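Each chain, letter by letter, is given below.
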Amino acid sequence: MSETALVVGAGVTGSAVARELARRGFDVTLAEQYSPGTVRSASGGDTRLLRAAHGDEEWYTRLAWRARSLWLELQAEAGTQIWEPTGLAWFAVRAGGFEERSIPQLAQAGVPYEWRSPATGAALFPSLGLEDLHGVLWEPEAGVLHARRATQLLAADAERLGVRTIAARVLPGDEPEADVVVWACGAWLPALFPAEIDVRVERRDVFFLGGDATWRDTPGWVEYDSGFYGHGDVAGLGVKVAPDFPSSEVDPDTLDRFPLREREDAARAYATRRFPTLAAAPVIGARVCQYDLSADTHFVFGRHPERVSWWLFGGGSGHGFKHAPALAEYIADCVEERREPEPFHALGERTGIAGLRSAYY
Ligand SMILES: Cc1cc2nc3c(=O)[nH]c(=O)nc-3n(C[C@H](O)[C@H](O)[C@H](O)COP(=O)(O)OP(=O)(O)OC[C@H]3O[C@@H](n4cnc5c(N)ncnc54)[C@H](O)[C@@H]3O)c2cc1C
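Residues numbered from 1 in each chain as written. Predicted model: local features only at pLDDT ≥ 70, side-chain atom pairs only at ≥ 80, totals over all residues. Heavy atoms only, no water.

*Asks:* Would you mind showing me how to read the overall build of the chain here?
*Replies:* A tally of helices and strands in the chain yields 8 helices and 17 strands. Over its C-alpha trace the chain gives a radius of gyration of 20 Å, about what one expects of a compact globule, namely 21 Å for 361 residues. A principal-axis box enclosing the C-alpha atoms of the chain has dimensions of 60 × 45 × 45 Å. Put simply, the chain has 361 residues, and 58% of those count as buried. (Helix = DSSP H or I, 4+ residues; strand = E, 2+ residues; numbered from the N terminus. Rg over C-alpha atoms; globule rule 2.2 N^0.38 Å. Buried < 20%, exposed > 50% of the residue type's maximum accessible area, 1.4 Å probe, protein only.)

Rendered as structure tokens:
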């Protein structure tokens, strides 16, 4: 008889883990309190960037690069488009920052990149404000994932492999019966396991501006030090401009998902400065979602200290989407005791700063 596994949460992580465990012969149930890819989950956004640069952290560079191959395989097998091959530009506003620190790790992992001057970086966009730019780190193989669609595709593919998806909110007190339980509950995890999970849940607002046709399929971009990121107009969504600024803590069940005026003003001011031809572009879409932030931006993953057949995953920290299929391999390897979780993912209190997403951790 095969081992049974219950995966709680059908966001991108839980769906990928359920699928991976099914591939490895587990008899899997996937429980979701709303629906796979719900817009209340971080995985339910329209788009998410995939980039390999992670500053000094080679582990994540390699994970992202592996994940990219797995996403492309899934897309080819399913015949559903989830990937936009846009490339991604990092706008460096100083020497020796996150962008330049990423280069040795990209080279080590065999990830293509180019360091461009501001003037040659400008050729990637219809318009680019150059005054404060030190340089551009260009990742030609990076891109944009259709996030909700990709999450739902993973969940559907898991079902094709025999996973049973159930609509249920599963709580630790339910004492779920399975040989292995993986709690992949995103922003809901800290409330379920307050003693083990040191994660803060904050809102983030995302805007889509109506640029003209010159913005179609232009690259993804991140300005790490200023805390802004986005992409060109993919699939008619508009040009994404997102301020990655801290907020107070929120409840993912009750959060009203209307964008804040001050965040819209920040997005507009940034777009006007960095992409001058977007200065008068209207807002044609917006989304509000939540980050599950560990203090140091490393993921949180490990065995529950008392329930040793329970594994907890969380702390995506605003950069977890891209990694999901490769992360699922890592999680499944740990569940099967083929490897140990990395010490920097340990449960419990976190200190220090890895800065894996933006200068605003
Ligand atoms: C605005 C924004 C922009 C982002 N940009 C990027 C990006 O560009 N690139 C990138 O890689 N990452 C990005 N991220 C981060 C990324 O989206 C998340 O790290 C990732 O989606 C988290 O996935 P998850 O499956 O761990 O959690 P979630 O997506 O939150 O999924 C958890 C699921 O578990 C379910 N659940 C919770 N508790 C229970 C329970 N008790 N019983 C049953 N079901 C339960 C929830 O309903 C939910 O569906 C961004 C996040 C946000 C919010």
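The discussion continues.
*Asks:* What's the story with the site of the ligand in this structure? I'm lost.
*Replies:* Around the ligand, a shell composed of 34 residues is seen, among which E32, S43, L49, V170 and K322 lie nearest. At 2.9 Å, a side-chain N or O of T13 approaches an oxygen atom of the ligand. Take F321: an N or O atom from its main chain is 3.1 Å from an oxygen atom of the ligand. In isolation the ligand offers 1,000 Å² of accessible surface; the protein chains occlude 98% of this area. Elements represented by at least two residues in the shell around the ligand include exactly α1 (12-23), β2 (27-32), β3 (47-50) and β15 (283-294). Residue contributions to the shell around the ligand peak at 3 residues, all from β15. Per-class residue counts for the shell around the ligand are 17 nonpolar, 13 polar and 4 charged. (Near = heavy atom within 4 Å. Polar contact = N/O pair within 3.5 Å; in protein donor to acceptor, adjacent residues only side chain to side chain. Areas by Shrake-Rupley, 256 points an atom, 1.4 Å probe, with all protein chains shown as cover. Nonpolar A, V, L, I, M, F, W, Y, C, P; charged D, E, K, R; others polar.)

*Asks:* Before we go on, may I ask you to explain the sheet that holds strand β10 (residues 180-184) in this structure?
*Replies:* Note: strands within a sheet are paired through backbone hydrogen bonds, in either parallel or antiparallel orientation. Strand order in this open sheet of 6 strands is β9-β2-β1-β10-β17-β16, and the pairing throughout is mixed. A single partner strand is all that each edge strand has here, and the edge strands are β9 (164-167) and β16 (300-303). On average, adjacent strands in this sheet sit at an angle of 15° to one another, irrespective of strand direction. Relative to β10, strand β1 (residues 4-8) runs parallel, the two being bridged by 4 bridges. Counterpart to V7 in the pairing with β10 is V182. Helix-sheet contacts for α1 involve β1, β2, β10 and β17 (310-314), and the interaxial angle to β2 is about 170°. (Pairing = 2+ DSSP bridges. Axes fitted to C-alpha atoms, helices over the stretch in contact; angles between N-to-C directions. Contact = heavy atoms within 4.5 Å.)

*Asks:* What is the right way to look at the pairing of β1 in this model?
*Replies:* For a regular strand, the rule is simple: side chains alternate between the two faces of the sheet. Most of β1 sits inside the fold, with 4 of its 5 residues counted as buried. Bridging between β1 and β2 involves 5 bridges; their strand directions are parallel. From the neighbouring strand, V8 faces β2, where its bridge partner is A31. A crossover links β1 with its parallel partner β2, the connecting element being α1, and its sense is right-handed. (Right-handed = clockwise from strand over helix to strand, strands pointing away.)

*Asks:* Help me understand the side chain of Q105, please; the structure alone is not making it clear to me.
*Replies:* Structurally, Q105 can be placed in helix α3 (residues 98-109). Take Q105: its relative accessible area is 13%, and that puts it in the buried class. Look past the residues within four positions of Q105 in its chain and what remains in contact with it is G55, D56, E57, E58 and T61.

*Asks:* Just to check I follow, could you spell out the environment of E262 for this structure?
*Replies:* Examined against the element boundaries, E262 turns out to sit in helix α7 (residues 261-274). Given a relative accessible area of 54%, E262 falls into the exposed group. With 41 residues separating them in the primary sequence, E262 and R303 have C-alpha atoms 41 Å apart.

*Asks:* Whenever I open this one, the pattern of salt bridges confuses me. Can you help?
*Replies:* When charged atoms on two side chains of opposite charge get close, those side chains can pair. Under the definition given, this model contains 34 salt bridges. Between D157 and R19 there is a salt bridge whose closest N-O contact spans 2.7 Å. Highlighted residues: D157 in helix α5 (residues 147-160) and R19 in helix α1, separated in sequence by 138 residues. Grouping residues by exposure puts D157 and R19 together as buried. With a closest N to O distance of 3.8 Å, E20 and R23 form a salt bridge. Highlighted residues: E20 and R23, both in helix α1, separated by 3 residues, approximately one helical turn. On the basis of relative accessibility, which here comes to 9%, the residue E20 falls in the buried class. Among the charged side chains, a network of salt bridges with common partners joins E20, R23, R24, D333, E336 and R338. (Salt bridge = Lys/Arg side-chain N within 4 Å of Asp/Glu carboxyl O.)

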